[in-house]
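So the chains spell out like this:
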Amino acid sequence: MTPDSLFSLAGKTALVTGGATGIGRMAAHGLMAAGARVMIASRKGDACTATAAELNELGLPGCVEGFAGDVGSENGIAALVQELENRTDDLHILMNNAGRTWGKDLGAFPYGAWDKVLSVNVTGLFHLTQELLPKLRAAATPEDPARVVNVGSVMGEVAMGDGAFSYAASKSAVHHLTRILAKDLAKDSITVNALAPGPFVSNMTAFATADPDQRERVGQAVPLGRVGGPDDIAACLQFLCGRGGAYITGAVIPVSGGINVMTGPPIFEAALN
Ligand SMILES: NC(=O)c1ccc[n+]([C@@H]2O[C@H](COP(=O)([O-])OP(=O)(O)OC[C@H]3O[C@@H](n4cnc5c(N)ncnc54)[C@H](OP(=O)(O)O)[C@@H]3O)[C@@H](O)[C@H]2O)c1
């Protein structure tokens, strides 16, 4: 029962979609640090190979390979699966991290921003998982299940959309699919869990986190007083994907610094002052 025996990922192969940047990169880093061979794929294949080269320079126990892959269409998913198969027979861990968003005020939210977001965040997540089930089943045992980790959002958990209507709804769908798939796949020894992150620095949030002053202000709106960082994501992956996480499925982990339990002002305070 040492940290190594509970959280080591030596001998495991993982795929992280959208792994070149932001939360996906933090996850790839954490999986690699625990010894996994990590594939990262997104539309910008060059960014994936560049990130892989940077992470491999760190001298950690595992390794990273990057290639182009698009989860936003049926053909894209087929090509991604083919490329994965060209590289490996094994897949123990799938992290469905690729995602996109759209923000616009209520009243001006564009019709097209539903399909653009849901096709990646929900349809892509579901169909990539479905296509990879044979590989995950082959890697799974009751003692050491295969693992699927989906990336949802605190915006899919609480009524806080910030104008990202289709995004928030898509992330709620991710959480619900996580529970449905966890139920269906338990008999195959595949666990399915989700992360529901709060604010992390990434391309998606660069409009509000790229500048240190802005990031500080975003952090002040979080109960635990800061934006999330790479360790917060890496630790979740090492826990959920290591032997220590083998008995957990259907969980939606609130990596949001307490935003998940924020509510409005105290109900009785106004009457007492
Ligand atoms: N940052 C936050 O505060 C936050 C909070 C809660 C949840 N999340 C979630 O975390 C995940 C990662 O986002 P991020 O914040 O790290 O932003 P990010 O840096 O923009 O990462 C998103 C990644 O998804 C990839 N991607 C987008 N469309 C894709 C497609 N069709 N096929 C394959 N890959 C695609 C992008 O790469 P390409 O452009 O190369 O395709 C990019 O690497 C998302 O699911 C997001 O919703 C983020």
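Residues numbered from 1 in each chain as written. Predicted model: local features only at pLDDT ≥ 70, side-chain atom pairs only at ≥ 80, totals over all residues.

## Concerning the overall build of the chain
For step 1, the next point in the chain: Helices and strands together make up the secondary structure of the chain, namely ten helices and seven strands.
For step 2, the next point in the chain: Compactness check: the chain gives a C-alpha radius of gyration of 19 Å against a globular reference of 19 Å for 273 residues, within 12% of the reference.
For step 3, the next point in the chain: For the chain, the C-alpha atoms occupy an extent of roughly 65 × 45 × 40 Å along the three principal directions.
For step 4, the next point in the chain: When burial is assessed residue by residue, the chain has 43% of its 273 residues classed as buried. (Helix = DSSP H or I, 4+ residues; strand = E, 2+ residues; numbered from the N terminus. Rg over C-alpha atoms; globule rule 2.2 N^0.38 Å. Buried ≥ 20, exposed ≤ 12 C-beta atoms within 10 Å, placed from the backbone.)

## Quick notes on the environment of Ile180
For step 1, the next point in the chain: Tracing the backbone shows Ile180 in helix 6 (residues 165-185).
For step 2, the next point in the chain: Sequence spacing of Ile180 and Gly250 is 70 residues, and the spatial spacing of their C-alpha atoms is 7.8 Å.

## What about the nonpolar core?
Most often, soluble globular proteins keep nonpolar side chains buried together rather than apart.
For step 1, the next point in the chain: Counting residues in each nonpolar core, the largest one holds 67 residues, and the members touching the most others are Ala14, Leu15, Ala27, Ala28, Leu31, Val38 and Ile40.
For step 2, the next point in the chain: At eight residues, helix 5 (residues 112-139) tops the list of elements feeding residues into this core.
For step 3, the next point in the chain: Once residues within four sequence positions are removed from consideration, Leu31 is found in contact with Leu9, Ala14, Ala36, Val38, Gly62, Ile93, Leu237 and Cys241. (Core = buried A, V, L, I, M, F, W, Y, C linked by C-beta atoms within 7 Å. Contact = placed C-beta atoms within 7 Å.)

## Description of the site of the ligand
For step 1, the next point in the chain: Neighbouring the ligand are 29 residues; Gly18, Gly22, Gly72, Gly99 and Ser202 lie closest to it.
For step 2, the next point in the chain: The leading source of residues in the shell around the ligand is helix 2 (residues 22-33), at three residues.
For step 3, the next point in the chain: Here the residues of the shell around the ligand are counted per class, giving eleven nonpolar, 14 polar and four charged. (Near = placed C-beta within 6 Å. Nonpolar A, V, L, I, M, F, W, Y, C, P; charged D, E, K, R; others polar.)

## So, the environment of Lys183
For step 1, the next point in the chain: Residue position: Lys183 is located in helix 6.
For step 2, the next point in the chain: Given 12 C-beta atoms within 10 Å, Lys183 falls into the exposed group.
For step 3, the next point in the chain: Lys183 sits 66 residues away from Thr249 along the chain, and the two C-alpha atoms are 8.2 Å apart.

## Notes on the pairing of strand 3 (residues 63-68)
For step 1, the next point in the chain: As defined by bridge partners, strand 2 (residues 37-42) adjoins strand 3 across six bridges and the pair is classed as parallel. When the bridges of strand 3 are listed, Ile40 appears paired with Gly66. (Pairing = 2+ DSSP bridges.)

## With respect to the environment of Gly198
For step 1, the next point in the chain: Along the polypeptide, Gly198 turns up in the loop between strand 6 (190-195) and helix 7 (206-209).
For step 2, the next point in the chain: Each C-alpha atom, one on Gly198 and one on Ala36, is 26 Å from the other, the two residues being 162 residues apart in sequence.
For step 3, the next point in the chain: Here Gly198 is in contact with Val154, Val222, Gly228, Val255, Ser256, Gly257 and Ile259, once residues within four sequence places are set aside.

## Considerations on the sheet that holds strand 2
For step 1, the next point in the chain: Pairing in this open sheet of seven strands is parallel, and the strands run 3-2-1-4-5-6-7 from one edge to the other. The open sheet terminates on both sides in strands that have one partner only, identified here as strand 3 and strand 7 (252-253).
For step 2, the next point in the chain: Sheet analysis places strand 1 (residues 13-17) next to strand 2, joined by five bridges and oriented parallel. Within the sheet, the bridge partner assigned to Val16 lies in strand 2 and is Ile40.
For step 3, the next point in the chain: This element, helix 5, spans strand 1, strand 4 (93-96), strand 5 (146-151) and strand 6 of the sheet and lies at about 170° to strand 4. (Axes fitted to C-alpha atoms, helices over the stretch in contact; angles between N-to-C directions.)

## Side note on the pairing of strand 1
For step 1, the next point in the chain: Counting buried residues along strand 1, five of its five residues qualify, which places the element largely inside the surrounding structure.
For step 2, the next point in the chain: Residues Thr13, Leu15 and Thr17 point to one face of strand 1 and Ala14 and Val16 to the other, with burial holding for every one of them.
For step 3, the next point in the chain: Of the crossover connections in this fold, the one passing from strand 1 over helix 2 to the parallel strand 2 is right-handed.
For step 4, the next point in the chain: Sheet analysis places strand 1 next to strand 4, joined by three bridges and oriented parallel. Looking across to strand 4, one finds that Ala14 is bridged to Ile93. (Right-handed = clockwise from strand over helix to strand, strands pointing away.)

## Some thoughts on the packing of helix 2 against helix 9 (residues 230-241)
The relative placement of two packed helices comes down to the angle between their axes together with the axis-to-axis distance.
For step 1, the next point in the chain: Relative orientation of the contacting elements helix 2 and helix 9 amounts to 55°, with a least axis distance of 8 Å. For the element pair helix 2 / helix 9, the angle class is oblique. Viewed along their axes, helix 2 and helix 9 form a crossing whose handedness is right-handed. In contact with Ile23, Met26, Ala27, His29, Gly30, Leu31 and Ala33 of helix 2, helix 9 contributes Pro230, Ile233, Ala234, Ala235, Leu237, Gln238 and Cys241.
For step 2, the next point in the chain: Split by residue class, the contact of helix 2 with helix 9 holds eleven nonpolar, three polar and no charged. (Parallel < 35°, antiparallel > 145°, perpendicular 65-115°, else oblique. Left-handed = near helix turned anticlockwise from the far one by under 90°.)

## Remarks on helix 3 (residues 45-56)
For step 1, the next point in the chain: Over its twelve residues, helix 3 extends 16 Å from the first C-alpha to the last, a length consistent with the 16 Å expected when each residue adds 1.5 Å.
For step 2, the next point in the chain: Inspection of helix 3 places Cys48, Thr51, Ala52 and Leu55 among the buried residues, and these make up the whole buried set. Within helix 3, the buried residues cover an arc of 105° as seen down the axis, which keeps them to one side. For helix 3, the exposed residues set more than 90 degrees away from the buried face come down to Asp46 and Ala53. (Expected span 1.5 Å × (residues − 1). Arc of directions from axis to C-beta.)

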